[in-house]
Amino acid sequence: MNNKMSFIIAVNDEVVFKKCELYINNLIIPTDFQIEIIPIRDAEYLTKAYNKCMYSSDSKYKVYLHQDVFVINRNFIGDILKVFEDDSIGAIGMCGAKTVPENGIWWESPETVGEVYESHTGIMGLLKFNEIELEFDEVAVVDGFIIITQYDVPWREDIFKSWHFYDMSQCTEFKKLGYKVVVPRQITPWCIHDCGIVNTMNGFEENRLIFIKNYNEG
């Protein structure tokens, strides 16, 4: 449905999810537009869960987000739809990089853009990358705390069975099909990502090497 947006959320903490849901339900919904919230519980891994929801939802627009992401821009839906008026854009994120370093770690690129309130250091604060001067900047990849799409491209559940690098893979798959991936200009951040100190022990290195092998080599 061209007038519908699904918010697809992997959930393992009901209290955090309820807060995420509260922010979504507080968004301004354009006239004759619908939203739905699809929680994913007991997900084996994200790519598999996202694919299942993608194939079962009839929404043109899909927002894949972590349960600890709170959308604070009440005009989020309208702002996203405005960016998607350019039908060459396949996916939108809030932070990303125009280039991917050889090591596959996007935030080590010299060309990062976007902003978010987040807590990866253990303290909530503004994480701000380079300024975006126009309505959006085209990037190579975006961070997967939130990815918004207007086309359905399968997530690579065949190679990414963890919680790392699935986002960069998905962006690359969009670009292989000729779609743009962009980060919009935000006067103030559109989202809070209350992630806490990031766990890089649960498959980060293994999936970094998988990403490099499948996308950064050759």
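For the structure itself, consult the block above.
A brief look at the structure comes next. (Residues numbered from 1 in each chain as written. Predicted model: local features only at pLDDT ≥ 70, side-chain atom pairs only at ≥ 80, totals over all residues. Heavy atoms only, no water.)

So, the overall build of the protein chain
Stated precisely, the cut-off is as follows: Here a strand is any run of E in DSSP of at least two residues, a helix any run of H or I of at least four, and the numbering for each starts at the N terminus. With the radius of gyration taken over C-alpha atoms, the globule rule is written as 2.2 Å times the number of residues to the power 0.38. Remark: exposure states derive from per-residue accessible area (1.4 Å probe, protein chains only) relative to the maximum for the residue type, with buried under 20%, exposed over 50%, and partly exposed in between. Residue contacts are counted whenever heavy atoms from the two residues lie within 4.5 Å of one another. Residue exposure ignores everything except the shown protein chains as possible cover, and the areas themselves are Shrake-Rupley values with a 1.4 Å probe. For this count, His and the chain ends are skipped, Lys and Arg are scored as positive, and Asp and Glu as negative. Positions of charges follow a simple convention, taking NZ of Lys, CZ of Arg, CG of Asp or CD of Glu.
When helices and strands are counted, the protein chain shows five helices and 13 strands. In terms of overall dimensions, the protein chain is globule-like: its C-alpha atoms have a radius of gyration of 16 Å, near the 17 Å expected for 218 residues. The principal-axis extents of the C-alpha atoms in the protein chain amount to approximately 45 × 40 × 35 Å. Looking at the 218 residues of the protein chain, the share that counts as buried comes to 51%. The contacts of the protein chain with a sequence gap of at least 6 include a subset with a gap of at least 24, amounting to 77%. For the protein chain, the exposed surface amounts to about 10,500 Å²; the carbon and sulfur share of it is 50%. For the protein chain, the distance from the average site of its 20 positive side-chain charges to the average site of its 33 negative ones is 3 Å.

Side note on the pattern of salt bridges
A side chain with one charge can pair with a side chain of the opposite charge if their charged atoms come near. Here is the rule: When a carboxyl oxygen of Asp or Glu is within 4 Å of a side-chain nitrogen of Lys or Arg, the pair counts as a salt bridge.
What the rule picks out here adds up to 15 salt bridges. One salt-bridge network, held together by shared partners, links Arg-156, Asp-158, Glu-173 and Lys-176.

Considering helix H2 (residues 46-56)
Listed in full, the buried residues belonging to H2 are Leu-46, Thr-47, Ala-49, Tyr-50, Asn-51, Cys-53 and Met-54. For H2, the elements touching its buried residues are strand S1 (4-11), strand S2 (34-41), strand S3 (61-66) and helix H4 (166-176).

Topic: the nonpolar core
Considering soluble globular proteins, one finds that nonpolar side chains tend to be buried as a cluster. For clarity, the cut-off: Put simply, a nonpolar core is a bunch of buried Ala, Val, Leu, Ile, Met, Phe, Trp, Tyr and Cys residues held in one set by side-chain atoms that sit within 4.5 Å of each other.
Counting residues in hydrophobic clusters, the biggest one holds 69 residues, and the most contacted among them are Leu-65, Phe-76, Ile-92, Ile-146, Ile-148 and Cys-191. The element that contributes the greatest number of residues to this core is S1, accounting for six residues. Once you skip the residues sitting within four places of it in the chain, Leu-65 turns out to touch Phe-7, Ile-8, Ile-9, Ala-10, Cys-20, Tyr-50, Val-71, Phe-145 and Ile-146.

Brief notes about H4
Most of H4 sits inside the fold, with nine of its 11 residues counted as buried. All of the buried residues along H4 are Tyr-166, Asp-167, Met-168, Ser-169, Gln-170, Cys-171, Thr-172, Glu-173 and Phe-174. Backbone geometry just downstream of H4 places Gly-178 in the positive-phi region, at approximately 95°.

Considering the packing of aromatic side chains
Quick reminder of the rule: Pairing of aromatic rings covers Phe, Tyr and Trp, the last counted by its six-membered ring, and requires centre-to-centre distances within 6.5 Å; plane angles under 30 degrees mean stacked, over 60 mean edge-to-face, and any other angle means tilted.
For the coordinates displayed, the defined rule picks out 18 aromatic pairs. Geometrically, the ring pair formed by Trp-106 and Trp-107 is edge-to-face, given 5.9 Å between the ring centres and 85° between the ring planes. Overall, the relative accessible area of 4% leaves Trp-106 in the buried class. With centroids separated by 5.1 Å and ring planes inclined at 55°, the aromatic side chains of Phe-165 and Phe-204 adopt a geometry described as tilted. Placement of Phe-165 in the loop between strand S11 (146-149) and H4 and of Phe-204 in helix H5 (residues 204-216) is noted, with a sequence separation of 39 residues between them. Pair check on accessibility: Phe-165 and Phe-204 agree, each one buried. An aromatic cluster of at least three residues, connected via ring pairs, comprises Trp-106, Trp-107, Phe-129, Phe-165, Phe-204, Phe-211 and Tyr-215.

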